[in-house]
Amino acid sequence: MSTPAQKRLVWDLKQLQEDPSVGVSGAPSENNIMQWNTVIFGPEGTPFGDGTFKLVIEFSEEYPNKPPTVRLLSKMFHPNVYADGSICLDILQNPWSPTYDVFSLLTSIQSLLDEPNPNSPASSQAAQLHQENKREYEKRVLAVVEQSWNDSR
């Protein structure tokens with residue numbers, strides 16, 4: 001018997017499969033619809049552009065009324081990503097709405113890659129470089145992108 005959260009996740013999966021957007025993909029783990037393995041491709045025309053970044057999303061039975069937990073598995077150098085891969089993104093906190101689905105979550109994270117919020121830094125080093133030395137910041141990002149190629153194999 002499916003719970004409301006599980007039914008919604010089946011719907012989210014169907015939506016993601018019916019409209020495969022360029023740049024994001026995901027599916028539940030083999031035996032657990034409450035945990036998804038996802039991939040975000042870096043936005044074209046940005047320092048993240050050639051990157052392939054893996055994430056895991058864990059949903060509670062309170063989904064979609066409560067946001068899932070999202071963690072980057074790929075190494076990341078970004079003002080809004082903590083060292084453990086947790087992401088500081090507004091929709092994962094207060095303004096969460098049950099209208100958000102997996103697709104909107106993934107595309108929001110993808111947008112955040114090139115549009116960080118320096119007012120809410122998770123990595124003070126990345127935030128400082130982003131604001132004070134864009135060239136050095138982009139060099140660090142490119143190193144992370146190159147590492148993502150090895151991680152995606």
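Residues numbered from 1 in each chain as written. Predicted model: local features only at pLDDT ≥ 70, side-chain atom pairs only at ≥ 80, totals over all residues. Heavy atoms only, no water.

J.: Could you give an account of the sheet that holds strand β1 (residues 24-29), naming the residues involved and the relevant values?
T.: Taken together, the four strands give an open sheet; going across it, the order is β1-β2-β3-β4, and neighbouring strands pair in antiparallel fashion. The open sheet has two edge strands, β1 and β4 (69-72), and neither has a second partner. On average, each strand axis in the sheet is inclined to that of its neighbour by 25 degrees, with strand direction left out of account. Direction of pairing for strand β3 (residues 52-58) relative to β4: antiparallel, over a ladder of four bridges. Of the residues in β4, the one forming a bridge with L55 is L72. This element, helix α2 (residues 102-114), spans β1, β2 (32-41), β3 and β4 of the sheet and lies at about 35 degrees to β2. (Pairing = 2+ DSSP bridges. Helix = DSSP H or I, 4+ residues; strand = E, 2+ residues; numbered from the N terminus. Axes fitted to C-alpha atoms, helices over the stretch in contact; angles between N-to-C directions. Contact = heavy atoms within 4.5 Å.)

J.: Can you break down the UniProt feature "domain: UBC core" (unreviewed entry) in the protein residue by residue, with the values?
T.: The residues that UniProt annotates with the feature "domain: UBC core" (unreviewed entry) are residues 4-150. Along residues 4-150, the helical share is 37% and the strand share 18%, with 38 Å between the first and last C-alpha atoms. (UniProt positions renumbered as here; feature names shortened; annotations may be inferred.)

J.: Before we move on, could you go through the UniProt feature "active site" (unreviewed entry) in the protein and cite the residues and values that matter?
T.: When the UniProt feature table is mapped onto this chain, "active site" (unreviewed entry) is found at C88. Topologically, C88 is positioned in the loop between β4 and α2. Ignoring sequence-local partners within four residues, the contact set of C88 consists of N80, Y82, Q93, L112, S120 and A122.

J.: Go over the pattern of salt bridges, please, and point to the residues and values.
T.: Following the criterion strictly, the structure yields three salt bridges and no others. Among the salt bridges present, the one from K66 reaches E62, with a minimum N-O distance of 4.0 Å. Under the relative-accessibility criterion, K66 is labelled partly exposed at 42%. Notably, a salt bridge pairs E136 with K139, separated by 3.7 Å at the nearest N-O pair. With E136 and K139 both in helix α4 (residues 134-151), this residue pair falls three residues apart, about one helical turn. The class for E136 is partly exposed, based on a relative accessible area of 30%. (Salt bridge = Lys/Arg side-chain N within 4 Å of Asp/Glu carboxyl O. Buried < 20%, exposed > 50% of the residue type's maximum accessible area, 1.4 Å probe, protein only.)

J.: Mind laying out helix α1 (residues 4-18), listing which residues take part and the relevant values?
T.: When the terminal C-alpha atoms of α1 are compared, their 21 Å separation across 15 residues agrees well with the 21 Å that a helix rising 1.5 Å per residue should span. The complete set of buried residues in α1 reads A5, R8, L9, D12, L13 and L16. Projection of α1 onto a plane perpendicular to its axis shows the buried side chains occupying an angular sector of 145 degrees, all on one side. What points out from α1, more than 90 degrees from its buried face, is the exposed set P4, K7, Q17 and E18. (Expected span 1.5 Å × (residues − 1). Arc of directions from axis to C-beta.)

J.: Tell me about the environment of P98, and name the residues and values.
T.: Tracing the backbone through its elements, the reader meets P98 in the loop between β4 and α2. Accessibility expressed as a relative area gives 38% for P98, which makes it partly exposed. A C-alpha to C-alpha distance of 8.3 Å links P98 and P67, two positions 31 residues apart in sequence. If near-sequence neighbours (up to four positions away) are discounted, P98 is found in contact with R8, P64 and N65.

J.: Account for the environment of F59, naming residues and giving values.
T.: When you line up the elements, F59 lands in the loop between β3 and β4. If sequence neighbours within four positions are ignored, F59 has contacts with L9, I33, M34, W36, P68 and V102.

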